[in-house]
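Structural overview
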Amino acid sequence: MRTAMVAVLALLLVAAVAAGTWGYTRMSSAEDELEARADVVSVAEQFTVAVNNYDSESIDQYQSTVDKLLSTKFQGQFNEAMQDIVTRVQQAKMQSEGKVLASGVATIDDDSARVLVVSDASVKTVYDQRQRHFRWEVSLVKVDGKWLVDDFSPVA
């Protein structure tokens with residue numbers, strides 16, 4: 001009887017340890033996913049703010065700030081597109097101040113993510129002042145443990 005009781009207690013102890021280990025592993029996995037989601041949202045929001053905050057007097061600083069958030073592939077595409085835009089920004093003495101209104105993860109896996117970002121910007125030029133409204137899907141990739149913007153496109 002005593003042996004049976006010890007065996008049952010031993011089995012219960014093993015089951016409790018197994019359940020605790022399983023629960024801890026699931027909790028740790030959920031925490032890792034939440035952290036990854038927070039990281040991609042943070043980078044997407046930083047990118048959106050950086051892209052929408054500029055001044056015609058500080059375009060070089062603007063490009064440097066944005067470049068730090070981009071993948072190597074997208075950096076080349078973005079800087080190429082900027083060549084055409086810089087002249088117009090400087091001619092119009094454009095200033096823009098943007099802010100993120102909302103964002104959320106659309107998809108995420110170990111090395112890529114897509115974040116939906118809603119933002120507005122107040123743009124002043126020598127010609128006029130406008131409010132701009134942006135709805136973007138920001139694509140990110142993980143490079144050497146760091147999330148970087150790999151593309152962005154408007155969402156209708």
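Report follows, based on the coordinates. The numbering scheme is per chain: residues are counted from 1 as the chain's sequence reads. Side-chain atom pairs in this predicted model are given and counted only at pLDDT of 80 or more, local residue features only at pLDDT of at least 70, and totals for whole chains, interfaces and linings cover all residues. Just so you know, side-chain values use all the structure's heavy atoms and leave hydrogens and water out.

This part is about the packing of helix α2 (residues 59-67) against helix α3 (residues 72-91). Only C-alpha atoms enter the line fits that serve as axes; for helices the fit covers just the stretch in contact. Angles between N-to-C directions range over 0 to 180 degrees. The helix count covers DSSP runs of H or I at least four residues long, the strand count covers runs of E at least two residues long, and both are numbered beginning at the N terminus. Taken N-terminus to C-terminus, the directions of α2 and α3 make an angle of 155°; their axes are 11 Å apart at the nearest point. Taken as axis vectors, α2 and α3 run roughly antiparallel relative to one another. Of the two possible hands of crossing, α2 and α3 adopt the one that is right-handed. Taken together, the residues of α3 that come into contact with α2 (itself represented by Ile-59, Tyr-62, Gln-63, Val-66 and Asp-67) are Gln-75, Phe-78, Asn-79, Met-82, Val-86, Val-89 and Gln-90. Any residue that is not Ala, Val, Leu, Ile, Met, Phe, Trp, Tyr, Cys, Pro, Asp, Glu, Lys or Arg is counted as polar, Gly included; the first ten are nonpolar and the last four charged. The class makeup of the residues in the contact of α2 with α3 is seven nonpolar, four polar and one charged. Should an angle lie under 35 degrees it is considered roughly parallel, over 145 roughly antiparallel, and from 65 to 115 roughly perpendicular; all remaining angles are considered oblique. For a crossing to be left-handed, the near helix must be turned anticlockwise from the far one by less than a right angle; the clockwise case is right-handed. Contact between two residues is taken to exist if any of their heavy atoms lie within 4.5 Å; hydrogens are not considered.

Ring pairs are drawn from Phe, Tyr and Trp, using the six-membered ring of Trp, whenever the two centres fall within 6.5 Å, and their geometry is named by plane angle: stacked under 30 degrees, edge-to-face over 60, tilted for the rest. In the structure shown here, the tally under the stated rule is seven aromatic pairs. On the numbers, 6.3 Å between centres and 45° between planes, the contact of Phe-47 with Trp-136 is tilted. Here the residue Phe-47 occupies a position in helix α1 (residues 2-52), and Trp-136 occupies one in strand β4 (residues 129-143), the gap between them amounting to 89 residues. On the basis of relative accessibility, which here comes to 0%, the residue Phe-47 falls in the buried class. Buried, partly exposed and exposed residues are distinguished by accessible area as a fraction of the type maximum, computed with a 1.4 Å probe on protein chains only: under 20%, between the cut-offs, and over 50%, respectively. By relative accessible area, which is 8% here, Trp-136 ends up buried. A ring pair is formed by Phe-134 and Trp-136, whose centres lie 5.1 Å apart and whose planes are at 45°; its orientation type is tilted.

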